[in-house]
Amino acid sequence: MTKKEKNDVIEVLKGKFSQYNNFYVTNTESLTVAQVTKLRNHCFDKQVEMKVAKNTLIRKALESLSAEKYAGVFDSLNQVTALLFSENPKEPALILTGFRKESKGEKPELKAAFINGDVFVGDNQLKALTQIKTKNELIGEVIGLLQSPIQRVLGALQNKDASKAADVVEETLPVAEAAATPAVAETTVSTTEVATPAADDTAAPAAPTA
């Protein structure tokens, strides 16, 4: 590989490291060409980019961006390395787990994962990475918690259990009243202020006494 070719690879890698907040460093040694191709296809189907490069070039690309930020990744740059880039922090972990189960092997091996600034080192981290909550999943859980009281009321009404619905409403009502109190108080004050007559400087003087 010429110096220009090496520089071109470094620039491509720098672009990927800048584009993605999540990437996995894996060891694909001992995989056949057919297996590597199959792994690439799995990645493509899940919008995960796979790049195979020399460790020295990967390190240079990372160091040129921020040696301090990526310091925890450097020790994993050994043997054969394949990088997996993804917007979804856990998708590569799911791909690796499924691929290994399907092929009944231990490769690709996870050497490290860089997830939103945090570094996970070692293959024993793979299972934990499959359980990471994505942003959309966290938002969905919050929405579910907010909707829970409403769903309980609707469920009780649909089951025609009036007493149960009344209990749920009774539990929810104090919360709603507490939230509404400041608004009511503000409205009352405003109404009082409007109702108070202003002094009339133009009023006619009293008629003189005979």
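These lines cover the structure that appears in this document, whether it is placed above or below. All values reported here derive from a predicted model rather than from experimental measurement. The written sequence of each chain sets the order in which its residues are numbered from 1. Totals for whole chains, interfaces and linings use every residue, but because this is a predicted model, local features are given only for residues with pLDDT of at least 70 and side-chain atom pairs only at 80 or more, for both listing and counting. Side-chain metrics rest on all non-hydrogen atoms present in the structure, leaving aside hydrogens and water.

All right, on to the packing of helix α1 (residues 3-19) against helix α3 (residues 55-66) then. Helix axes are fitted only over the stretch in contact, all axes being lines through C-alpha atoms; the angle between N-to-C directions runs from 0 to 180 degrees. Helix and strand labels come from DSSP, where a helix needs a run of H or I of at least four residues and a strand needs a run of E of at least two; each type is numbered from the N terminus. Between α1 and α3, whose axes approach to 9 Å, the crossing angle comes to 55 degrees. As summarised for this structure, α1 and α3 are arranged oblique, according to the angle between their axes. In this structure, the crossing between α1 and α3 has a hand that is right-handed. Across the interface between the two elements, Lys-6, Val-9, Ile-10, Leu-13, Lys-14, Phe-17 and Ser-18 of α1 pack against Leu-57, Ile-58, Lys-60, Ala-61, Leu-62, Ser-64 and Leu-65 of α3. Gly counts as polar in this scheme, as do all residues outside two lists: the nonpolar Ala, Val, Leu, Ile, Met, Phe, Trp, Tyr, Cys and Pro, and the charged Asp, Glu, Lys and Arg. Residue classes in the contact of α1 with α3 are distributed as nine nonpolar, two polar and three charged. In these notes the angle categories are as follows: under 35 degrees is roughly parallel, over 145 is roughly antiparallel, 65 to 115 is roughly perpendicular, and the rest is oblique. In a left-handed crossing the near helix is turned counterclockwise from the far helix by less than a right angle, and in a right-handed crossing that turn is clockwise. Note on contacts: a residue pair is in contact if any heavy atoms of the two residues lie within 4.5 Å.

Next up on the list: helix α2 (residues 33-45). Helices are assigned an expected span. That span is 1.5 Å times one less than the residue count. Taking 1.5 Å as the rise per residue, α2 with 13 residues should run 18 Å; its terminal C-alpha atoms sit 19 Å apart, in good agreement. Here the buried face of α2 lies against β2 (49-52), β3 (82-85) and α4 (91-103). Looking one or two residues past α2, Gln-47 carries a phi angle of roughly 60 degrees, positive in sign.

Inspection of the secondary structure puts Glu-106 in the loop between α4 and β4 (109-115). Each C-alpha atom, one on Glu-106 and one on Leu-96, is 9.5 Å from the other, the two residues being ten residues apart in sequence.

The salt bridge criterion pairs a side-chain nitrogen of Lys or Arg with a carboxyl oxygen of Asp or Glu, the two atoms within 4 Å. Taken as a whole, this structure holds six salt bridges when the rule is applied. For the salt bridge of Glu-11 with Lys-14, the shortest nitrogen-to-oxygen distance reads 3.5 Å. Remark: Lys-14 and Glu-11 occur in helix α1; sequence separation between them is three residues, near one turn of the helix. Note that Glu-49 and Lys-16 form a salt bridge whose closest N and O atoms lie 2.9 Å from each other. Here Glu-49, found in strand β2, pairs with Lys-16, found in helix α1; they are 33 residues apart in sequence, far enough to count as distant. Residue classification places Glu-49 among the partly exposed residues on the basis of a relative accessible area of 24%. Accessibility here uses a 1.4 Å probe with only protein chains present; expressed as a share of the type maximum, an area under 20% marks a residue as buried, one over 50% as exposed, and anything in between as partly exposed. The exposure class of Lys-16 is buried, given its relative accessible area of 15%.

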